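Residues per chain, in single letters:
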Amino acid sequence: MSQSFRQLLALGCGVCLVAALATPVRAQAPQPNLRQAHDAVLQSQLERTVEAEGLAAQVAQGHLALALVDVTDPAAPRLAMLNGDRMMYAASMPKVAILLGALAEAEAGRLPINAATVGAMTNMIRYSSNEDATRVLRWVGIDRLAEILQSSRFALYDRAGAGGLWVGKSYGPEAAVRRDPLKNLSHGATVYQTARLYWMLATDQLLSAPMNTLMKQVLSKPGIQHKFVKGLGGRPGVEIFRKSGTWKNTHADSALVECQGRRYVLVGIAEHPDGGDWLARVAGPLHDLIVAPEVSIVAGTSHAARLTH
């Protein structure tokens with residue numbers, strides 16, 4: 001057992017004890033509306049960045065969706081998105097919803113936090129293990145996860161609106177048993193609702209404080225170095241909490257990024273053989289919109305120079 005996993009398990013056991021002793025920290029109240037944080041300046045910057053990367057046509061054709069949320073100031077988030085409410089197949093990215101469901105059940109005392117559960121959650125997220133994703137989903141239950149995602153507490157899927165995060169089958173050979181009501185997808189997402197999940201996590205609105213901490217730990221230390229992780233590889237001081245997904249021509253990524261005292265959420269879904277490259281290409285320039293390029297120096301050259309192409 002690695003030292004990092006022992007630390008994660010120790011944290012999980014501490015979370016279990018705290019959750020067992022504490023009363024529930026919040027009722028099933030609706031979450032604040034992130035849409036009210038739409039920022040015209042950030043929107044314009046997002047659009048110009050996508051155009052500079054040669055991806056405006058892909059957005060217009062519906063093959064690329066992006067959401068960017070500056071959460072540096074929890075009281076004043078800034079949202080920008082392209083095709084934000086487009087319900088798309090998202091491969092393994094909705095495993096983050098399974099993680100939420102498992103921790104919500106653990107918070108309620110219906111799922112233990114131990115070596116087996118924390119280990120399966122960690123493998124599901126960091127290494128995208130389909131076997132562990134199926135295992136954790138069975139612990140929660142597909143029907144129960146649908147209830148959690150549609151509940152007023154989380155409101156991460158809106159069947160009367162644009163949809164959102166959805167998991168309707170295991171990550172194995174079994175057939176889908178509960179496809180999403182709007183687009184008939186087995187594993188679906190909108191970048192807006194995925195970004196909401198990370199925004200709530202970043203601002204301690206998602207779960208109890210101990211469970212939020214455990215969720216961030218599971219999302220940390222990405223084990224697959226592609227897409228956003230690859231695109232941010234040259235930025236110093238970056239810490240990424242992330243879940244990605246790939247299946248055939250579908251490439252998805254979602255992350256909470258912390259760097260130099262600033263925090264932002266970035267989510268993208270691309271439907272194209274080159275979609276993974278698209279997400280890697282935009283990650284750096286979008287990072288520079290939030291983290292001042294002039295203070296991000298690599299080998300004596302600021303990233304500001306990289307934005308003038």
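Residues numbered from 1 in each chain as written. Predicted model: local features only at pLDDT ≥ 70, side-chain atom pairs only at ≥ 80, totals over all residues. Heavy atoms only, no water.

Approximately 280 Å³ is the volume attributed to the second largest pocket. Lining the second largest pocket are 17 residues, with Tyr-89, Ser-92, Asn-130, Tyr-171 and Trp-247 positioned closest to its centre. Here the element with the most residues in the lining of the second largest pocket is strand E8 (residues 239-247); it accounts for four residues. When its residues are assigned to classes, the lining of the second largest pocket shows five nonpolar, 10 polar and two charged. (1 Å grid on protein atoms, 1.4 Å probe; cavity = no way out; pocket = protein on both sides within 12 Å on 5 of 7 lines; lining within 4 Å. Points joined across faces, edges and corners; volume = space filled by probe spheres on them. Helix = DSSP H or I, 4+ residues; strand = E, 2+ residues; numbered from the N terminus. Nonpolar A, V, L, I, M, F, W, Y, C, P; charged D, E, K, R; others polar.)

For the rest of this paragraph, the subject is the pattern of salt bridges. On inspection of all chains with the given rule, the structure shows 17 salt bridges. Between Arg-78 and Asp-70 there is a salt bridge, and its shortest N-O distance comes to 3.0 Å. We note a salt bridge from Asp-277 to Arg-281, for which the minimum N-O separation is 3.5 Å. Here Arg-281 and Asp-277 lie together in helix H11 (residues 275-290), a separation of four residues that amounts to about one turn. (Salt bridge = Lys/Arg side-chain N within 4 Å of Asp/Glu carboxyl O.)

This part takes up the sheet that holds strand E6 (residues 166-167). Within a sheet, adjacent strands bond to each other through the backbone by hydrogen bonds, running parallel or antiparallel. Reading across from one edge, E3-E7-E6 is the order of the three strands in this open sheet, with antiparallel pairing throughout. In the strand order of this sheet, the two ends are held by strand E3 (88-89) and E6, each with one partner. As defined by bridge partners, E6 adjoins strand E7 (residues 187-189) across two bridges and the pair is classed as antiparallel. Counterpart to Val-167 in the pairing with E7 is His-187. (Pairing = 2+ DSSP bridges.)

Even without a glycine there, the phi angle at Ala-91 is positive, about 50 degrees. Topologically, Ala-91 is positioned in the loop between E3 and helix H4 (95-107). Using a relative accessible area of 1% as the deciding quantity, one classes Ala-91 as buried. At Lys-227, a position not held by glycine, the phi torsion is positive, near 50 degrees. With respect to the helices and strands, Lys-227 occurs in the loop between helix H9 (209-219) and helix H10 (228-231). Classification of Lys-227 as buried rests on a relative accessible area of 3%. (Buried < 20%, exposed > 50% of the residue type's maximum accessible area, 1.4 Å probe, protein only.)

Here we come to the pairing of strand E9 (residues 250-259). Of all 10 residues making up E9, 10 are buried, and the element is well covered by its neighbours. Judged by which residues are buried, E9 turns out to be covered on both faces: Thr-250, Ala-252, Ser-254, Leu-256 and Glu-258 on one side and His-251, Asp-253, Ala-255, Val-257 and Cys-259 on the other are all buried. Taken together, the nine bridges between E8 and E9 define a ladder with antiparallel strand orientation. Of the residues in E9, the one forming a bridge with Phe-241 is Leu-256. Note that E9 and strand E10 (residues 262-271) share 10 bridges and pair antiparallel. Looking at the pairing, Asp-253 lines up with Gly-268 of E10. Hairpin connection, E9 to E10: the antiparallel pair is bridged by two residues, and Gln-260 has positive phi, about 50 degrees.

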